[in-house]
Amino acid sequence: WLAAGYALWTLLYVPGSKVLVVSINQPEAVKVVNRIWDMYLSLPKHLRADVEVIKPQRDRPTQQIQFRFPDGRISTVIGLPSTKSAGHGETAALVILDEFSRQEYARDTWKAVLPPTQKEGGRAVIISTGNGVSTETGGNYFHNLWENADDYGITKRFLPWNLHPDRDEDWYNQHAGKLALADRGEQYPRNEREAFILT
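Here's what I pulled together on the structure shown here. Note that residues are indexed from 1 along each chain, following the sequence as it is written. In keeping with the model being predicted, local features are shown solely for residues with a pLDDT of at least 70 and side-chain atom pairs are shown and tallied solely at 80 or more, while totals for entire chains, interfaces and linings include all residues. The side-chain numbers reported here are obtained from all heavy atoms of the structure, hydrogens and water having been left aside.

**Considering the packing of aromatic side chains**
Part 1 of the argument: Pairing of aromatic side chains here covers Phe, Tyr and the six-membered ring of Trp, requires ring centres within 6.5 Å, and sorts the geometry by plane angle: under 30 degrees stacked, over 60 edge-to-face, intermediate tilted. By the definition in use, this model includes 10 aromatic pairs.
Part 2 of the argument: Relative to W9, the ring of Y6 has its centre 6.2 Å away and its plane inclined at 15°; by these criteria the two rings are stacked. Within this pair, Y6 and its partner W9 are both found in helix 1 (residues 2–13), separated by 3 residues, close to a single helical turn.
Part 3 of the argument: Both rings, one in F142 and one in F196, keep their centres 5.8 Å apart while their planes meet at 45°; by these two values the pair is tilted. Of this pair, F142 sits in helix 4 (residues 141–147) while F196 is found in helix 8 (residues 192–196), placing the two residues 54 residues apart along the sequence. Comparing F142 with F196 shows no difference in burial state: the two are buried.
Part 4 of the argument: Among the aromatic residues, those joined into a ring-pair cluster are W161, W171, Y172 and Y188.
Part 5 of the argument: Each ring is checked for a lysine NZ or an arginine CZ that lies within 6 Å of its centre and within 35 degrees of its normal; such an atom marks a charge sitting over the ring. Lying over the aromatic face of Y40, R48 brings its terminal NZ or CZ to 4.7 Å of the ring centre.
Part 6 of the argument: Over the ring of Y172 we find R190, and its NZ or CZ is 4.3 Å from the ring centre. Each helix is a run of H or I in the DSSP string that is no shorter than four residues. Each strand is a run of E no shorter than two, and both are numbered from the N terminus. Burial classification: accessible surface area is computed with a 1.4 Å probe over protein chains only, and a residue below 20% of its type maximum counts as buried, one above 50% as exposed, and the rest as partly exposed.

Shown next as structure tokens:
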């Protein structure tokens, strides 16, 4: 949700920008695009930057939203499934890699989206739960980026289950305690070790 909000801000306040959302499949990418659309619809008129909606023409977006500014510039968000070619040839102000640890072509996607985001101050936001680890010969590429973040110039943030103000040990025992250890590490990790090693 935070990444979707940042995407909407980029679309409305960086006129002419492109945002790419790459997720594990097309329906999941469309869900993120629809979150952005719902946020746009919830904005008061004075925060909508006087844009004209080009896409969707009616109802909900299927893959794309386009806004035209009074000066003619167009901002676009496109939802893409994880494929070997997702993001190749695109230039983007922002790329959101959603549930990156579960993307079959994560390494290819990272290679494709990194150059476009390095132009003109673009950014990539990588979001994921843990899903195993990387090895020298492969494994989970999200874990590889996490472990080598300093070398790659990536800022990382780990969000533990108890970051939510209404969650305490009793809550954890009642909800997370019902899951197997690996599932608990995936859904409700306390730290990086649980998020990656236990999964």
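Further notes follow.
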